[in-house]
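If you want the building blocks of each chain, they are given just below.
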Amino acid sequence: AQSVTQPDIHITVSEGASLELRCNYSYGATPYLFWYVQSPGQGLQLLLKYFSGDTLVQGIKGFEAEFKRSQSSFNLRKPSVHWSDAAEYFCAVDLLTGGGNKLTFGTGTQLKVEL
Amino acid sequence: DGGITQSPKYLFRKEGQNVTLSCEQNLNHDAMYWYRQDPGQGLRLIYYSQIVNDFQKGDIAEGYSVSREKKESFPLTVTSAQKNPTAFYLCASITGTANTGELFFGEGSRLTVL
């Protein structure tokens, strides 16, 4: 079945440590790929996106993500986490099946930052 | 400032009652979406509309209805037919038909069925 998988439900890191959040997708072709962030009780905000070209994409708030076609992955990274990064992170794909932008979201990874 | 406004932020309803969630945007976006969020399940698409007076079912449309009479507005009605309506509902919009992927989200409405 076609899906977006975020294998880590919860992750805890210390402030200043590096972060990597995993995302895998299982589709025949390369979809458009996105990472969104959600603060508690809020809507989602786009961090970054990959359509084509350079497989390392830069986003807002110091985040970056790398697309690896061979692994069907689009992992999110940050070299040094700040306490304000504590939030829930969602990977999403657009299957480009036509009919407008229809994103499929992963189940999310809850990030906790220890001071 | 432009954005998406959802109301109410919190809503309580008794079983068997219909309830309508409001979503208004002043971004001049063409397409609007309704997602449902449950813990551990991510976001699931309920309905979406690419143009006024037209909308399509998403993955979990049963028990919900929508209308798109104005470009700015895309209200969602949770009907009594929805078996498990307690959830966090998110409205989003995007401009045009380009697959830019940058959905703009409202702050959500939390519905609790008592």
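Enquirer: When you look at the overall build of chain A in this model, what are you seeing that I'm missing?
Expert: In terms of regular secondary structure, chain A is built from zero helices and 12 strands. Its helices and strands taken in sequence order, chain A reads β-β-β-β-β-β-β-β-β-β-β-β from the N to the C terminus. At 14 Å, chain A has a C-alpha radius of gyration in line with the 13 Å of a compact globule built from 115 residues. Counting only C-alpha atoms and orienting by the principal axes, one finds that chain A spans roughly 45 × 30 × 25 Å. Across the 115 residues that make up chain A, the buried fraction comes to 45%. In chain A, 54% of the contacts between residues at least 6 apart in sequence involve partners at least 24 apart. Accessible surface for chain A amounts to roughly 5,400 Å². Of this, 48% is attributable to carbon and sulfur atoms.

Enquirer: Where do I start with the packing of aromatic side chains in this structure?
Expert: Between two aromatic rings, the relevant description is the distance of the centres plus the angle of the planes. Within the structure shown, the criterion is met by 15 aromatic pairs over all chains. With 6.0 Å between their ring centres and 80° between their planes, Phe34(A) and Phe51(A) make a pair best called edge-to-face. Pair noted here: Phe34(A) is in strand β5 (residues 32-38) and Phe51(A) is in the loop between β6 (44-50) and β7 (56-58), with a separation of 17 residues, a long-range link. The class of Phe34(A) is buried, set by a relative accessible area of 0%. Owing to a relative accessible area of 29%, Phe51(A) belongs among the partly exposed residues under this scheme. Relative to Phe74(A), the ring of Tyr50(A) has its centre 6.4 Å away and its plane inclined at 45°; by these criteria the two rings are tilted. Placement of Tyr50(A) in strand β6 and of Phe74(A) in strand β9 (residues 73-78) is noted, with a sequence separation of 24 residues between them. Phe74(A) gets classed as buried once you look at its relative accessible area, which sits at 0%. Put simply, the rings of Tyr36(A), Phe105(A), Tyr33(B), Tyr35(B), Tyr48(B) and Phe105(B) pair up and form one aromatic cluster. Sitting over the face of the ring of Phe74(B), Arg68(B) holds its NZ or CZ atom 6.0 Å from the ring centroid.

Enquirer: Please explain the pairing of strand β11 (residues 109-113) of chain B as it appears in this structure.
Expert: Each regular strand carries side chains that alternate between the two faces of the sheet. Residue and element names in this part refer to chain B. Of the two faces of β11, only one is covered, namely that formed by Ser109, Leu111 and Val113; the face formed by Arg110 and Thr112 stays uncovered. Looking at chain direction, strand β2 (residues 10-13) and β11 are connected through four bridges and run parallel. Bridge pairing in β11 links Leu11 to Leu111. Pairing analysis gives three bridges linking strand β9 (residues 87-94) to β11, with the strands arranged antiparallel. Paired with Ala87 across the bridge in β11 is Leu111.

Enquirer: I'm lost on the sheet that holds strand β1 (residues 4-7) of chain B in this one. Help?
Expert: Sheet strands associate in pairs through backbone hydrogen bonding, adopting either a parallel or an antiparallel arrangement. Residue and element names in this part refer to chain B. If you trace the four strands from one edge of the open sheet to the other, you get β1-β3-β8-β7, paired in antiparallel fashion. The open sheet has two free edges, formed respectively by β1 and β7 (64-66), since each of these has just one partner strand. Ignoring which end each strand starts from, the neighbouring axes of this sheet average 20° apart. Bridge analysis of β7 against strand β8 (residues 76-78) gives three bridges, and the strand direction is antiparallel. Bridge pairing links Val66 to Leu76 in β8.

Enquirer: What am I meant to see in the state of the cysteines here?
Expert: Joining two cysteines, a disulfide is a covalent bond between their sulfur atoms. All told, the structure shown has two disulfides over all chains when counted by the stated rule. In this model, Cys23(A) is linked to Cys91(A) through a disulfide, with the two sulfur atoms separated by 1.9 Å. Between Cys23(A) and Cys91(A), the S-S torsion sits near -65°, and that sign places the bridge as left-handed. Of this pair, Cys23(A) sits in the loop between β3 (19-21) and β4 (24-26) while Cys91(A) is found in strand β10 (residues 87-94), placing the two residues 68 residues apart along the sequence. With respect to class, Cys23(A) is no different from Cys91(A); both count as buried. One disulfide in the model links Cys23(B) with Cys91(B); its S-S distance is 1.9 Å. What sets the handedness of the Cys23(B) and Cys91(B) disulfide is the S-S torsion sign, and at about -75° it is left-handed. Taken together, the positions of Cys23(B) in strand β3 (residues 19-25) and Cys91(B) in strand β9 put the pair 68 residues apart, joining distant regions of the chain. Neither Cys23(B) nor Cys91(B) differs from the other in exposure class; each is buried.

The rules behind the values
Residues numbered from 1 in each chain as written. Chains lettered and ligands numbered in written order. Predicted model: local features only at pLDDT ≥ 70, side-chain atom pairs only at ≥ 80, totals over all residues. Heavy atoms only, no water. Helix = DSSP H or I, 4+ residues; strand = E, 2+ residues; numbered from the N terminus. Rg over C-alpha atoms; globule rule 2.2 N^0.38 Å. Buried < 20%, exposed > 50% of the residue type's maximum accessible area, 1.4 Å probe, protein only. Contact = heavy atoms within 4.5 Å. Areas by Shrake-Rupley, 256 points an atom, 1.4 Å probe, with all protein chains shown as cover. Phe/Tyr/Trp six-rings, centres within 6.5 Å; stacked < 30°, edge-to-face > 60°. Lys NZ or Arg CZ within 6 Å of the ring centre and 35° of its normal. Pairing = 2+ DSSP bridges. Axes fitted to C-alpha atoms, helices over the stretch in contact; angles between N-to-C directions. Disulfide = S-S within 2.5 Å.

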